[in-house]
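An overview of the molecular structure
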Amino acid sequence: MTVVKSTLPEPARTIAGDALQNTLVDLLGLSLIGKQAHWNIVGPRFRSIHLQLDEVVASARGYSDTVAERAAALGLPPDGRPETIAAAFTLPGPKDGWLRDTEVVQLLVETLETAIGRLRERMDITEKADPVTQDLLIGITRELEKQRWMFDAENWPRD
């Protein structure tokens, strides 16, 4: 059943819908990773990284809502149910228990890098199918690249 009629032809709607759903999964998972690390970080840089994690979570949650609403506007019901996220999520995540500040920094660099790579692939796929969705993905990529850069800068000096 389609409640909302899309302005896109079906093949383009399918491409955009897949890109949006996969991005929604990544963003919701990223927000959970950020909160898990936020609650369990320890070490000398606790406070600054703790606060930086809140920025990542706020961005991921905000963009997940925008992504879900774009899917709905295309007549595709977004699926952010916990079981969907658990079944489909594959970004690098934290280990169990306390996390050293250095581990959190490395985890976020790797997780954001993976998410950005996926977003870039989706940008390519949606370029012709739906430039509006592509534009949304570009904006998300811009923000996640900024967050990745900020965490990567925490790795200096490198060994």
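Below: a short report on this structure. (Residues numbered from 1 in each chain as written. Predicted model: local features only at pLDDT ≥ 70, side-chain atom pairs only at ≥ 80, totals over all residues. Heavy atoms only, no water.)

This part is about the pattern of salt bridges. Scanning the model with the defined rule gives 15 salt bridges in all. One salt bridge connects Arg 13 with Glu 10, and the closest N-O pair in it is separated by 3.1 Å. Of the two residues, Arg 13 and Glu 10 both sit in helix α1 (residues 10-40), 3 residues apart, roughly one turn of that helix. Note on Arg 13: relative accessible area 11%, which makes it buried. Exposure remark for Glu 10: the relative accessible area of 46% places this residue in the partly exposed category. Of the charged contacts, one joins Arg 81 and Glu 83 as a salt bridge, the two residues approaching to 3.4 Å between their closest N and O atoms. Residues joined in a network through salt bridges with shared partners are Arg 45, Arg 100, Asp 101 and Glu 154. (Salt bridge = Lys/Arg side-chain N within 4 Å of Asp/Glu carboxyl O. Helix = DSSP H or I, 4+ residues; strand = E, 2+ residues; numbered from the N terminus. Buried < 20%, exposed > 50% of the residue type's maximum accessible area, 1.4 Å probe, protein only.)

Here we take up the nonpolar core. Counting residues in each nonpolar core, the largest one holds 38 residues, and the members touching the most others are Val 104, Leu 108, Ile 140, Leu 144 and Phe 151. Looking at this core, the elements with two or more residues in it are α1, α2 (46-73), α4 (101-129) and α5 (131-153). Of all the elements, α4 adds the most residues to this core, at 11 residues. Ignoring sequence-local partners within four residues, the contact set of Ile 140 consists of Thr 23, Leu 27, Tyr 63, Val 67 and Leu 119. (Core = buried A, V, L, I, M, F, W, Y, C linked by side-chain atoms within 4.5 Å. Contact = heavy atoms within 4.5 Å.)

Mapped onto the fold, Ser 6 is located in the segment before α1. A relative accessible area of 14% places Ser 6 in the buried class. Engagement of the side chain of Ser 6 in a polar contact is seen with the backbone nitrogen of Leu 8, the distance being 2.9 Å. In this structure, Ser 6 is in contact with Arg 13 and Leu 74, ignoring residues within four places of it in sequence. (Polar contact = N/O pair within 3.5 Å; in protein donor to acceptor, adjacent residues only side chain to side chain.)

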